[in-house]
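# Survey of secondary and tertiary structure
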Amino acid sequence: MTDWRRSLGGGLRILDRALGGQRRPTRIQKWVARHPIGTGLLVAVPFALFFLMLSREEEPDDPMFAVLFGLALGFVFALIAVSERLRQRRLKRLGTWDGS
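What you see is a predicted model; the values in this text were computed from it and never measured.

## As for helix α3 (residues 36–54)
Here α3 spans 27 Å end to end across 19 residues, near enough to the 27 Å set by a 1.5 Å rise per residue. Buried residues of α3: Pro36, Thr39, Gly40, Val43, Ala44 and Ala48, and no others. Take α3 and look down its axis: the buried residues cluster within an arc of 145°, on one side only. Away from its buried face, by an angle of more than 90 degrees, α3 presents the exposed residues Leu42 and Met53. Turning to α3, the residues buried within the fold contact α2 (27–34) and α4 (62–94).

## A closer look at the confidence of the model for the chain
Taken residue by residue, the chain gives an average pLDDT of 88. The fraction at 70 or more is 98%. When mean pLDDT is taken per element in the chain, α2 scores highest with 95 and helix α1 (residues 2–18) scores lowest with 80.

How each quantity is defined
Residues numbered from 1 in each chain as written. Predicted model: local features only at pLDDT ≥ 70, side-chain atom pairs only at ≥ 80, totals over all residues. Heavy atoms only, no water. Helix = DSSP H or I, 4+ residues; strand = E, 2+ residues; numbered from the N terminus. Expected span 1.5 Å × (residues − 1). Buried < 20%, exposed > 50% of the residue type's maximum accessible area, 1.4 Å probe, protein only. Arc of directions from axis to C-beta. Contact = heavy atoms within 4.5 Å. pLDDT = per-residue confidence, 0-100.

Dropping the structure here:
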């Protein structure tokens, strides 16, 4: 089981390097990493409103589903923000970036 986890982690690091994971973060990436909940809410609210606009008036459950889908998208973006925070911690630990 340990070898499987180690090989998966190594594969993810190789993919991260190929996609530019060793570069310094931009100003937006720094903000997102500092505020993962805010990022999730900034995504969730517009998407929930968009889904509410698309919901049918004759179905009483549609607004609830619209809000839930908006929150689900916000949660996904919050998880991406947390992964960006972990990437920036790794860059500091490796000495690639000074944290400024």
